Amino acid sequence: MIDTSDLLLRELAELRTAAMGRVASAVAVSDVDTIRRDMIGKAGRVLAIRRAIGGLDAMARRVVGAAVNELHRELSQALDRREEELLDLEPALPHPVDVTLPGTGPRAGGLHPTVQLMYDLNDAFAALNFEVYSGPEISSELYEFDYMNFPPDHPARESMDTFWLNDSVARHGAERLCLRPHLTGASVRYMQRHRPPLRFVYPGRVYRNESTDARHERAFFQYEVLIIDRDVPLTAGKFLVSTILDTVFGRPVRTRMRTGFFPFVEPGFEIDMECQVCDGTGCRTCHGVGWLEVMPGGSPHPNVLRAGGLDPNEWTGFYVNVGLDRLVMMRYGIDDVRLMHSADLRFLGQFR
Amino acid sequence: MKVSLAWVGDYVELPVGVSPQAMAQALTLKTVEVEDVVNTAAALAGVVVGAVESVRMVGSRTWVTCRTGADRTVAMATTVPTPAVGSAIAVALPGARLLNGSVESVVAAMKVGNRRSEGAVGTPGNLRLQRLFPDADPAGALDLSGLSPAVGTPLAEVIGFDDVVLEIDNKSLTNRPDLWGHYGIARELSVIYDVPLRALPTVVRPPASSALVGEVEPEVGARLAALSFELEDGNTVAPLWLRSRLARIGEATVNLAADLTKYVMFTVGQPTHAYDADRITGPLRAVAAKSAEPLRLLDGRTVGVVPGTPVIADGNGPVALAGVMGGAGSAIGPATRRMVLEAATFHPQVVRRASLQFGVRTEASARFEKALDTQRVDAAVDLFVHLLHEVAPGSSVHALQDVTLTPTMPAPVAVQLGFLAGRIGTALDVMEIEHTLRGLGFTVDVDGDRLSLTAPAWRSTGDISWPHDIVEEVARIHGYDNLPVVPLSIRLAPVRSLGSRSVERQVRQTLALRLGLQEVVTYPWVSDASLAAVGLGKTDTVRFDGAPAPDRDSLRPSLVPNLIEAAAVNLRHTSTVEIFEVGTTFHAGPYAAYGDGFEPMPRQTTRMAALLTGPDGVALFRRAKGLLGQLTHLGHLSRIEFGDGETTSWADVSARLCLYSGPTPIGTLGLLTKRSRRLAGLDAPHVACLEVDLGAVGVRPSRDNTYVPVPELPGAEFDLSVVVADNVTWAEIASSARHADPLVARVDFIDEFRGSWVRDGHRSVTLRVSVRSAEGTLTGDAIGACREAVLGALAEETGAHLRP
């Protein structure tokens, strides 16, 4: 007679052969799940055999029990292995994605390129402890011309250069109002309200009564920097200029300072930068000289310091003023300044 | 101003080996901006002297043969009237550039008939030399026989055009009256290159007279000198070298006396004027006109002199506009022999006003406006007499009268070496400082650390007056580029908190970089049509003179009109527009002191406006509203509340909100009215706008996010679609649902719908209710009970019923 335990062992051997065969021929993860359920699940055939060994003697129970455990372990491993093999074969998508499809993202907006540059410069000067200040766009002859040391008959005071409010005719000084022709008047406002030493920037838009073309605008942005301290050497200007140009172009740009004349500075400078189109070798953009005039500057004229309530014998300083639109044009190679105020989205969308 | 290097070379030995370009560069860095360096010989390249050997007619053409070298002849077919055989003419060889009418062409050898033509005959016209040879036929061969040039010599050499001319930007000369003549530039070059400056000529003055100058009014000028002289017959043309110099700097030549006055002005910067002595009566006076009368000027214009106009008058009245232009009635002509030369110092403001008043700007007025010193009259008179003797030996100088009211006082300046070092950033050698200043004409007295200086008269009319001016003189000649960059010391200041950040920047960056709008910048002025489109008119605006167009003389009282205009333009090439602008608006009404100051000004505010277009009005309105909420949240700005109230006329009655900061209205949000869209030509089904006064908006002092403990137990949510009357708002529905049961944690709007199966005056609203319990896991029964509670509350409080 055949021992029950032998029967069970034989059944286990057959089960093993059949199960391993099914595992090997499984073609999907779902097949593996089915085999797992059939074989080693709670109602599976391996556990059914385990339940059947209850009636065996202790010795046989140990032998068959060990065989059941061994088969369970072996099947488990085989199923896991096959499952991983199948997972490796199965792609996440039934059809491979067209990887050349454009990516998606949030809706794209953007800052105006001049404003972008203004903020870049604000950040650079903030790191040097400069305050940001702004004065009014409608200002007075007092601040824009009288305090700026413009002689009473200076041509810039005529309407041909400055936009005067139409009720300002025949008025003078604080009562004659205009759209500010430059930012410099705001420096006196700041000086009058702060105690030196001072270091601040005051960007903004200014207005000149000019005819417009690709290089000239009636409304344009300037960026002005003023430092006031007891001993500000002329060469401080070079430092301020380098800060601006490094920020704009992301690399050091060669500059030169030469003599220039403006009523509100003494001495005054023109600061040129090396032409970025030809690297200083001379081209059409720089009229063959290798340099471009980018910013005037200089030490505040003693009369300007006095207007700001500062004693010129005690305080010195340095102004740097730069045409922001012009720097933006150089930064990107833009050839028509009128685009800046065009609100044309085909233009503005390029600077996101 | 154009400066001839040959002319400058009369007064300073220009250093050998320094190119004109290098000289221009040095002047640009240290003195004035040189805009261009022009070789005047370049335009005459390839043009040489030829001796006419034969002139023959071949068929219908004239053939001229010229000898242009020892063993070289050139045959040319020409239509130019040619001088006789043996005369010397200008021959343009192949490669030379000639002017034909207004077109430049290059001479080339070519076959004409069966012969080769190897050049062209030069004329004053095609060689661009009419100014130099004003009396010659511009279309006739340029006859050089009188100059006896050697054949083959380049024409430029013969007429003195082997020169370089520097073109100086006049703007960079405005504060330097001393540089408005070649001598001033020569002085600068002598200092820059440290080479000697030759003195201007001085002459023995003619006998003094008391009949040449009458009254000089102190309001008009400080000095008036008059010199009487006489030319001999037959000498009325200036010599070629002098005319050539004038031509090289772009000046036309007229006659001997006039050319001499020009030459003097372009040398020393002092304008002078020659009168026909037989056409003036009595002494010259520098006065303000006493009565109104017409005065015909040299250029043919007639100006209306009024009382107060500065004039030179003789016994009969004005003969010149003082410092601007002479009169036609006293002008010298070809036959004039007896003349009076006027050399004066007029006040700059007086000349400037007269020049502006009559719209007459001349080389003379440009110089007087810069403020000339009285001493320069001496230099001008001496140079004039010197040249007169040189170029017209037969002429005679009779008498001089000179009235000086107030001579220019050389300006004394004291400066400490320590001050110079502090301002320049480095201590320059005192020897160098002294040498530079002496070269520029200063007298220098060094006493320890102190320099006592006297500026030369030519720098003492306002240019040099205090120590800061000396800083510039010393530093510029040393070279700004040679100064070391001194690092600046940094003073620590309190760090900037979130709250001190700029509202404008937060708004711009949040809208552009996080909310997807494009920033635009528009002009501060606005068109009448755009104003009308938003229901505004010119009475609502601040207006200004000199507007770019008559219908754009209003400053914008709102950002919306220009945004609408920008949207209309962009909608021609794009389907949707989402833009914003941050900028100043200007408000009509009574003026108020600006800030804490005293200037009475219109109110100026900084605003933000945004504009969105799209097909669905409700969605657009909700996006605009959402933008504002997101803007204040992401930008950490103070709260902007929505409410009823007065809005602007562009906001449609069906979709608008008033914006508040606390109790203060600060703006409007809404859809544009159909009328506004029509008037603005906006080709979009719907347009939403919002405008906020940023003056009332602040940046929060710190971040305002709040922490809520993360729930440990899972929540659940269910959606309800209820039909509700149109007069019940979402806010009422949400509030009712939110408070219906303690388990309700949050209520969100999903959608609303109107359709055939929804009763008139009603809509179906879908809301999502999120439930959460702090006590334990939510059971299905608890969620069901909550749902019933919400429906019950909605029915009772809003009349809403579950959609069938």
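Up top you'll find the structure we're talking about.
Residues numbered from 1 in each chain as written. Chains lettered and ligands numbered in written order. Predicted model: local features only at pLDDT ≥ 70, side-chain atom pairs only at ≥ 80, totals over all residues. Heavy atoms only, no water.

A. Region of the structure containing the overall build of chain A. Looking only at helices and strands, one finds 11 helices and 10 strands in chain A. Over its C-alpha atoms chain A spans a radius of gyration of 41 Å, topping by over 25% the 20 Å that the globule rule assigns to 352 residues. Overall, the C-alpha framework of chain A stretches about 135 × 45 × 45 Å when taken along its three principal axes. For chain A, buried positions account for 54% of its 352 residues. For chain A, the share of sequence-separated contacts (at least 6 apart) that also reach a separation of at least 24 residues comes to 66%. Total accessible area on chain A stands at roughly 16100 Å², and carbon and sulfur atoms take up 52% of it. Here chain A contributes 40 positive and 48 negative side-chain charges, whose respective centroids are spaced 4 Å apart. (Helix = DSSP H or I, 4+ residues; strand = E, 2+ residues; numbered from the N terminus. Rg over C-alpha atoms; globule rule 2.2 N^0.38 Å. Buried < 20%, exposed > 50% of the residue type's maximum accessible area, 1.4 Å probe, protein only. Contact = heavy atoms within 4.5 Å. Areas by Shrake-Rupley, 256 points an atom, 1.4 Å probe, with all protein chains shown as cover. Lys, Arg positive; Asp, Glu negative; His and termini not counted. Charge placed at Lys NZ, Arg CZ, Asp CG, Glu CD.)

B. A look at the nonpolar core. Counting 192 residues, the largest nonpolar core has Ile244(A), Ile185(B), Ile470(B) and Met608(B) as the members making the most contacts within it. The dominant element in this core, judged by the number of residues it contributes, is helix α9 (residues 376-391) of chain B, at 10 residues. Residues within four places of Ile470(B) in sequence aside, it is in contact with Val413(B), Val415(B), Leu420(B), Leu437(B), Phe442(B), Leu453(B) and Ile464(B). Judged by nonpolar contacts, the second largest core, of 36 residues, contains Ala277(B), Leu284(B), Val340(B) and Phe368(B). (Core = buried A, V, L, I, M, F, W, Y, C linked by side-chain atoms within 4.5 Å.)

C. Examining the pairing of strand β4 (residues 61-69) of chain B more closely. Residue and element names in this part refer to chain B. In terms of residue burial, β4 counts as a mostly covered element, since 7 of its 9 residues are buried. Pairing geometry for strand β3 (residues 47-58) and β4, over 7 bridges, is antiparallel. From the neighbouring strand, Ser 54 faces β4, where its bridge partner is Thr 65. The antiparallel hairpin formed by β3 and β4 contains 2 residues in its connecting segment, where Gly 59 sits at a positive phi of about 65 degrees. Note: β4 against strand β5 (residues 72-78), 7 bridges, orientation antiparallel. Paired with Trp 63 across the two strands is Ala 77, which belongs to β5. Hairpin remark: β4 followed by β5, antiparallel, with 2 residues in the connecting loop. (Pairing = 2+ DSSP bridges.)

D. Broad picture of the packing of aromatic side chains. What the rule picks out here adds up to 28 aromatic pairs over all chains. Plain terms: the ring middles of Phe125(A) and Phe130(A) are 5.1 Å apart, the flat faces sit at 70 degrees to each other, and that makes the pair edge-to-face. Each member of the pair Phe125(A) and Phe130(A) is classed as buried. Pairwise contacts between aromatic rings join Phe145(A), Phe150(A), Trp164(A), Phe262(A), Phe264(A) and Tyr319(A) into one cluster. Arg189(A) extends its terminal NZ or CZ atom over the ring of Tyr143(A), reaching a point 3.9 Å from the ring centre. The ring of Trp63(B) has Arg115(B) sitting right over it, with the charged end atom 4.4 Å from the ring centre. (Phe/Tyr/Trp six-rings, centres within 6.5 Å; stacked < 30°, edge-to-face > 60°. Lys NZ or Arg CZ within 6 Å of the ring centre and 35° of its normal.)

E. Structural view of the layout of surface pockets. Space inside the second largest pocket adds up to approximately 1300 Å³. As for the second largest pocket, its lining consists of 44 residues, and the residues nearest its centre are Val132(A), Tyr133(A), Ser134(A), Ser502(B) and Glu504(B). Looking at the lining of the second largest pocket, the elements with two or more residues in it are α5 (113-126), β1 (131-132) and β5 (204-207) of chain A together with α13 (503-514), β31 (578-593) and β32 (600-614) of chain B. Of the residues that constitute the lining of the second largest pocket, the class distribution is 17 nonpolar, 14 polar and 13 charged. (1 Å grid on protein atoms, 1.4 Å probe; cavity = no way out; pocket = protein on both sides within 12 Å on 5 of 7 lines; lining within 4 Å. Points joined across faces, edges and corners; volume = space filled by probe spheres on them. Nonpolar A, V, L, I, M, F, W, Y, C, P; charged D, E, K, R; others polar.)

F. A look at the sheet that holds strand β39 (residues 762-771) of chain B. All names here are of chain B. As summarised here, the arrangement of the 4 strands in space is β38-β39-β37-β40, forming an open sheet in which the pairing is antiparallel. Of all the strands in the sheet, the pair left with one neighbour each is β38 (744-753) and β40 (801-802). Each of β37 (716-725), β38, β39 and β40 is contacted by helix α19 (residues 780-798), which is oriented at about 20 degrees to β37, the strand it contacts most. (Axes fitted to C-alpha atoms, helices over the stretch in contact; angles between N-to-C directions.)

G. Quick peek at helix α4 (residues 182-192) of chain B. Residues and elements named next belong to chain B. A large share of α4 lies buried, amounting to 11 of its 11 residues. Within α4 the residues assigned to the buried category are His 182, Tyr 183, Gly 184, Ile 185, Ala 186, Arg 187, Glu 188, Leu 189, Ser 190, Val 191 and Ile 192. Remark: Asp 194 follows α4 within two positions and exhibits a positive phi of approximately 55 degrees.

H. Up close: the packing of helix α6 (residues 256-268) of chain B against α9(B). Residues and elements named next belong to chain B. One can describe the packing of α6 onto α9 by two numbers: an axis separation of 10 Å at closest approach and a directional angle of 135 degrees. One finds that α6 runs oblique with respect to α9. Once α6 is placed against α9, the crossing between them reads as right-handed. Mapping the contact onto sequence places Leu 256, Ala 257, Leu 260, Thr 261, Tyr 263, Val 264, Thr 267 and Val 268 in α6 and Arg 376, Ala 379, Ala 380, Leu 383, Phe 384, Leu 387, Leu 388 and Val 391 in α9. (Parallel < 35°, antiparallel > 145°, perpendicular 65-115°, else oblique. Left-handed = near helix turned anticlockwise from the far one by under 90°.)

I. Layout of α6(B). All names here are of chain B. The terminal C-alpha atoms of α6 lie 18 Å apart, and with 13 residues this matches the ideal 18 Å at 1.5 Å per residue to within 8%. Burial of α6 is extensive: 13 of the 13 residues sit out of reach of the surface. Residue Gly 269 follows α6 closely and has a positive phi angle near 85 degrees. (Expected span 1.5 Å × (residues − 1).)

J. Inspection of the pattern of salt bridges at higher detail. Across all of its chains, the model carries 68 salt bridges over all chains by this definition. For Arg338(A), the salt bridge is made with Asp336(A), and the minimal N-O distance between the two is 2.9 Å. Using a relative accessible area of 37% as the deciding quantity, one classes Arg338(A) as partly exposed. Here Arg223(B) and Asp402(B) are joined by a salt bridge, their closest N and O atoms 2.6 Å apart. Of this pair, Arg223(B) sits in strand β14 (residues 221-230) while Asp402(B) is found in strand β23 (residues 396-404), placing the two residues 179 residues apart along the sequence. Judged by its relative accessible area of 33%, Asp402(B) is partly exposed. Taken together, the shared-partner salt bridges connect Arg176(B), Asp178(B), Glu188(B), Arg459(B), Asp463(B), Glu473(B) and Arg476(B) into one network. (Salt bridge = Lys/Arg side-chain N within 4 Å of Asp/Glu carboxyl O.)

K. Spatial organisation of the interface of chain A and chain B. The partner chain B presents 81 residues to the 90 residues of chain A that form the contact. Of the roughly 7000 Å² buried where chain A meets chain B, counting both sides, 56% is carbon and sulfur surface. When the buried surface of chain A facing chain B is broken down by residue, Tyr119(A), Thr259(A) and Leu345(A) rank first, second and third, together holding 8% of it. The tally of links from chain A across to chain B stands at 5 salt bridges. Among the salt bridges present, the one from Asp123(A) reaches Arg505(B), with a minimum N-O distance of 2.9 Å. Linking chain A with chain B are 30 residue pairs in polar contact (both at pLDDT 80 or more). (Buried area = accessible area lost by both parts, 1.4 Å probe. Polar contact = N/O pair within 3.5 Å; in protein donor to acceptor, adjacent residues only side chain to side chain.)

L. Spotlight on the environment of Arg501(B). Residue and element names in this part refer to chain B. Take Arg 501: it is sitting in the loop between α12 (467-478) and α13. The spatial distance from the C-alpha of Arg 501 to the C-alpha of Ile 564 is 30 Å, given a sequence separation of 63 residues. Setting aside anything within four residues of it in sequence, one finds Arg 501 in contact with Gln 506, His 636 and Val 699.

M. View of the sheet that holds β3(B). Residue and element names in this part refer to chain B. Strand order in the open sheet made by the 5 strands is β5-β4-β3-β6-β11, with antiparallel pairing throughout. Because the sheet does not close on itself, it has two edges, and the strands there are β5 and β11 (120-121). Where β3 meets strand β6 (residues 88-92), 5 bridges bridge the pair, whose relative direction is antiparallel. Opposite Val 47, over in β6, you have Ala 92 as the bridge partner.

N. Fine view of a nonpolar patch on the surface. A surface patch of nonpolar side chains, about 410 Å² in accessible area, is lined by Leu93(A), Val97(A), Val99(A) and Leu101(A). Here Val97(A) shows up in the loop between α4 (58-89) and α5. (Patch = residues over 30% accessible without salt bridge, like charges linked within 9 Å, V, L, I, M, F, W, Y side chains within 5 Å.)

O. Examining unusual backbone geometry more closely. Cis geometry is adopted by the peptide bond preceding Pro197(A), which originates at Pro196(A) and carries an omega value of 0 degrees. Mapped onto the fold, Pro197(A) is located in the loop between α7 (184-193) and β4 (198-201). Of the consecutive residues Glu266(A) and Pro267(A), the connecting peptide bond is found in the cis state with omega at -5 degrees. Among the secondary structure elements, Pro267(A) is positioned in strand β8 (residues 265-274). Of note in the backbone geometry, Arg128(B) takes a positive phi value of approximately 60 degrees without being a glycine. Mapped onto the elements, Arg128(B) comes out in the loop between β11 and α3 (155-158). Of note, Ala371(B) is a non-glycine position whose phi angle comes to about 80 degrees, a positive value. Note on placement: Ala371(B) falls in the loop between α8 (363-368) and α9.

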